[in-house]
Amino acid sequence: MKGFHPWLLGMIIVFIGAVLFMSFALYGIMAKSAAPTAIDSCRTLCKFAKSEGLSLSNGPCLSDAYADRWDVPDWVCDVAHAPRQPVDNLPENQCAPFREGRAHHFVEVDENCQVIHVV
């Protein structure tokens, strides 16, 4: 083909690949850097829920129950059993934003507001 330069196509593919790689790497770094904030916020929210008299025995999604107090994008705060039980892995027992893909990370605390799982 006249005017076709395979090396140019190769350079474009390498450039696009590098941009995608950096985007995903940056997303991962940002998500991990938010973990300490999410953990602290979840523990604080759990203590607030307890002070309000909310029963934590049925594993409520605290970031949903107190959405006005939860400000950690892409994270949810959930109560689970300690030690975790198979029922904790059921989709219906997980926070809706996580289950629906609107959040990609979660902090799980037990009924005493101790962190048991962070993803």
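What counts, and where the lines are drawn
- Residues numbered from 1 in each chain as written.
- Predicted model: local features only at pLDDT ≥ 70, side-chain atom pairs only at ≥ 80, totals over all residues.
- Heavy atoms only, no water.
- pLDDT = per-residue confidence, 0-100.
- Contact = heavy atoms within 4.5 Å.
- Salt bridge = Lys/Arg side-chain N within 4 Å of Asp/Glu carboxyl O.
- Helix = DSSP H or I, 4+ residues; strand = E, 2+ residues; numbered from the N terminus.
- Buried < 20%, exposed > 50% of the residue type's maximum accessible area, 1.4 Å probe, protein only.
- Disulfide = S-S within 2.5 Å.
- Core = buried A, V, L, I, M, F, W, Y, C linked by side-chain atoms within 4.5 Å.

### Thoughts on the confidence of the model for the protein chain
Step number 1: For the protein chain, the mean per-residue pLDDT works out to 85, and 73% of the residues sit at or above 70.
Step number 2: This model gives residues 23-31 a pLDDT under 50, and the stretch forms five contacts once residues within four places in sequence are excluded.

### Side note on the pattern of salt bridges
Step number 1: Scanning the entire structure with this criterion turns up two salt bridges.
Step number 2: Between Glu108 and Arg84 there is a salt bridge, and its shortest N-O distance comes to 2.6 Å. A residue pair is termed long-range when its members are at least 10 positions apart, and Glu108 in strand β2 (residues 105-109) and Arg84 in the loop between β1 (75-79) and α4 (96-99) qualify at 24 residues.
Step number 3: When its relative accessible area of 30% is taken as the criterion, Arg84 is described as partly exposed.
Step number 4: One salt bridge in this structure joins Arg102 and Glu100, with 2.5 Å as the shortest N-O distance.
Step number 5: Overall, the relative accessible area of 53% leaves Arg102 in the exposed class.

### Brief notes about the side chain of Asp78
Step number 1: Looking at the element boundaries, Asp78 is found in strand β1.
Step number 2: Not counting residues up to four positions away in its chain, the partners in contact with Asp78 are Cys42, Gly59, Pro60, Cys61, Leu62, Asn93, Gln94, Cys95, Val107, Glu108 and Val109.

### A short note on the state of the cysteines
Joining two cysteines, a disulfide is a covalent bond between their sulfur atoms.
Step number 1: For the structure on display, the rule yields three disulfides.
Step number 2: Each sulfur of the disulfide joining Cys42 and Cys77 lies 1.9 Å from the other. Where Cys42 bonds to Cys77 through sulfur, the torsion about that S-S bond is close to 70°, and the disulfide is right-handed. Placement of the pair is Cys42 in helix α2 (residues 35-51) and Cys77 in strand β1, with a sequence separation of 35 residues.
Step number 3: Taking relative accessible area as the criterion, Cys42 reaches 0% and is therefore assigned buried.
Step number 4: With a relative accessible area of 0%, Cys77 lands in the buried category.
Step number 5: Paired by a disulfide, Cys46 and Cys113 hold their sulfur atoms 2.1 Å apart. Here the disulfide of Cys46 and Cys113 is left-handed, its torsion about the S-S bond being about -80°. Taken together, the residues Cys46 in helix α2 and Cys113 in the loop between β2 and β3 (115-118) connect sequence positions 67 residues apart. Per residue, the accessibility class of Cys46 equals that of Cys113, and both read buried.
Step number 6: Here the cysteine-cysteine linkages of the protein chain are recorded as 1-4, 2-6, 3-5, numbering only bonded cysteines and doing so in sequence order.

### Some words on the nonpolar core
Step number 1: Judged by nonpolar contacts, the single largest core of 18 residues is most densely connected at Leu62, Trp70, Trp75 and Val109.
Step number 2: Residue assignment for this core shows that the elements contributing at least two residues are α2, β1 and β2.
Step number 3: Ranked by residues supplied to this core, first place goes to α2 with six residues.
Step number 4: One finds Cys61, Val76, Cys95 and Phe106 within the second-largest nonpolar core, a separate group that totals five residues.

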